[in-house]
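# Notes for the structure review
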Amino acid sequence: METKLRTDITIREICEGFVYNEFEGKGLFGWSGKLTIQPEYQRNYIYADGKKDVAVIKSIMNEYPIGLIYFVKTAENKYEILDGQQRITSIGRYLTDKFPVFDDKGVAKYFGGLDEGEQERIYNTPLTIYICEGTELEIKRWFETINIVGVPLNKQELANAIHSGPFVTKAKEEFSNSENSNIQKWSAYINGSANRQDFLRTALEWVSKAYIDDDNINAYMSKHRYDNNINELKTYFTSVIEWISSVFIDVEKEMKGLCWGELYEKYHKKPYNPTEVSKLVQKLYDDTYINNRKGIFEYILGGCVDTKLLDVRIFDDATKRKVYKAQTQEAEEKKKSNCPLCALGKDNNKVRIWKLSEMDADHITAWSKGGATDIKNCQMLCKTHNRAKGNK
Ligand SMILES: [Zn+2]
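For every chain, the first residue of the written sequence is number 1, and numbering continues from 1 along that sequence. Local features in this predicted model are restricted to residues of pLDDT 70 or higher, and side-chain atom pairs are both shown and tallied only at a pLDDT of 80 or more, whereas totals for entire chains, interfaces and linings draw on every residue.

It is worth spelling out the overall build of the protein chain at this point. To qualify as a helix, a DSSP run of H or I must reach at least 4 residues; to qualify as a strand, a run of E must reach at least 2; elements of each kind are numbered from the N terminus. Secondary structure summary: the protein chain contains 17 helices and 10 strands in total. A radius of gyration in this sense is built from C-alpha atoms; the matching globule rule multiplies 2.2 Å by the number of residues raised to 0.38. In summary, the protein chain has a C-alpha radius of gyration of 32 Å against a globular reference of 21 Å for 392 residues, an excess of more than 25%. Counting only C-alpha atoms, the protein chain reaches 95 × 50 × 50 Å along its principal axes. Exposed residues have 12 or fewer other C-beta atoms within 10 Å of their own C-beta, buried residues have 20 or more, and residues in between are partly exposed; the C-beta atoms are placed from the backbone. Counting every position in the protein chain, which comprises 392 residues, the buried fraction comes to 28%.

Before going further, it helps to examine the sheet that holds strand E1 (residues 2-6). The strand order across the open sheet built from 6 strands is E1-E8-E4-E5-E3-E2, with neighbouring strands paired in mixed fashion. Looking along the sheet, the strands with just one partner apiece sit at the ends: E1 and strand E2 (29-30). Being paired, for any two strands, means DSSP has found at least two bridges between them. Pairing geometry for strand E4 (residues 69-75) and strand E5 (residues 78-83), over 5 bridges, is antiparallel. Its bridge partner lying in E5, Lys73 is registered against Tyr79.

This brings us to the environment of Val72. Along the chain, Val72 turns up in strand E4. On the neighbour-count criterion, Val72 (23 C-beta atoms within 10 Å) is buried. Each C-alpha atom of the pair Val72 and Ser164 lies 21 Å from the other, and the pair is 92 residues apart in sequence. Among residues more than four places away in sequence, those in contact with Val72 are Tyr79, Glu80, Leu82, Cys132 and Ile139. Throughout, a residue-residue contact means that the two C-beta atoms, derived from backbone geometry, are no farther apart than 7 Å.

Orientation is described by lines fitted to C-alpha atoms, with helices fitted over the stretch in contact, and by angles between N-to-C directions that extend from 0 to 180 degrees. One can describe the packing of helix H7 (residues 166-175) onto helix H9 (residues 198-208) by two numbers: an axis separation of 9 Å at closest approach and a directional angle of 115°. Viewed along their axes, H7 and H9 adopt a mutual orientation that is roughly perpendicular. As for the relative orientation of H7 and H9, their crossing is right-handed in sense. Contacts between H7 and H9 involve Ala171, Lys172 and Phe175 from the former and Phe199, Leu200 and Ala203 from the latter. Residue polarity follows a fixed list, in which Ala, Val, Leu, Ile, Met, Phe, Trp, Tyr, Cys and Pro are nonpolar, Asp, Glu, Lys and Arg are charged, and the others, Gly among them, are polar. Of the residues assigned to the contact of H7 with H9, the class counts are 5 nonpolar, no polar and 1 charged. Should an angle fall under 35 degrees it is taken as roughly parallel, and over 145 as roughly antiparallel, whereas 65 to 115 is taken as roughly perpendicular and any remaining angle as oblique. When the near helix sits turned anticlockwise from the far one by under a right angle, the crossing is termed left-handed; a clockwise turn instead gives a right-handed crossing.

This part covers unusual backbone geometry. Positive phi outside glycine occurs at Ser32, with the angle close to 55°. Inspection of the secondary structure assignment puts Ser32 in the loop between E2 and strand E3 (35-36).

Axes are the key here: two packed helices are described by the angle between their axes and the distance separating the axes. Contact geometry of helix H11 (residues 231-247) with helix H12 (residues 260-267) gives a least axis separation of 10 Å together with a crossing angle of 75°. With respect to H12, the element H11 is oriented roughly perpendicular. For the pair formed by H11 and H12, the contact residues are Val240, Trp243 and Ile244 on the first element and Trp260, Gly261 and Tyr264 on the second. Grouping the constituent residues of the contact of H11 with H12 by class yields 5 nonpolar, 1 polar and no charged.

Take the buried Ala, Val, Leu, Ile, Met, Phe, Trp, Tyr and Cys residues, join any whose C-beta atoms are within 7 Å, and the set you get is a nonpolar core. Counting 33 residues, the largest nonpolar core has Ala171, Ala203, Leu204, Val207, Leu233, Phe237 and Val240 as its most contacted members. Elements with a minimum of two residues in this core: H7, H9, helix H10 (216-224), H11, H12 and helix H14 (296-301). Ignoring sequence-local partners within four residues, the contact set of Ala203 consists of Phe175, Leu233 and Phe237. Among the nonpolar cores identified, the runner-up in size contains 31 residues, and Phe18, Val56, Tyr94 and Leu95 belong to it.

Listed below in structure tokens is the structure:
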């Protein structure tokens, strides 16, 4: 099967000769008679609900993408819509004044009532259309793939198709070019490959702050679609990469795939001494109590406070039971609480013997101050005291 991407066909062309039969709701044509809008295997038109159809038109008015459309070429100059029937029918119906959209003041706007400039803008909007050619079986299979399994493109490939234009072309030259000599450097910090668009994806994630909201990438690409340069994207990306390599001199494999864009935003205005940082990284890498090495970098950037990032190893059950037993035995002899902090208190709990299940293990010397996770540095505290200590 052959597929071809067309981004030059405008709404004007597609809606040329558009007819909609309200009664049958099917068998309609467009593109000067070349296009059958509703072939048999399609659903009936279901967008005429004053919401979905209006959303299509508002998207076009706001220059938001309305997504990919798929045509099948059935003969010379004959096409059927494989996917996009609902959207194209909505457009055609709006252009023939079948329904209005409402502006911010609640005023109904039919296409016929728009000023000429607004009409022209809609007419001249290009659609993103894949035209495919093949046997019926091939097409059916493909239709199933795009509708059931999902589009056989990854997220960024799809976004590139939807927002195709000078911006995507330039962005791909920079970020999706496996010949780019910077790729090796980027690979130290970013997962994936150039030809699957992973670096471009990451660059867009960072600049658009998609780690806050996933939709930011599409909004960013839509906004810059017709830009003739990628200056902002490239400058931001380079700033992040330069910042990482200036703060962290050594490249560790756990640095790969971290959300560096977010870390950059949070920490790039703070000063760091790269030599000290390097020593700290090595020290933490040597610490066998750290389960999550990926957290080391943010831990250091944040001033070595948030030990949760490191998932420091906790005491095992055997150790806890042993310590509990010794502590409880001693407490019973002295007629004091087996929680050493309760024993210091003045209330009824000062003689209370807690059950094992009512206590937690605590590092006598905190891990962050060099305390080991071994039995000599373990004490059992009642849950209340353990929590209170942990919060300090
Ligand atoms: Zn206690």
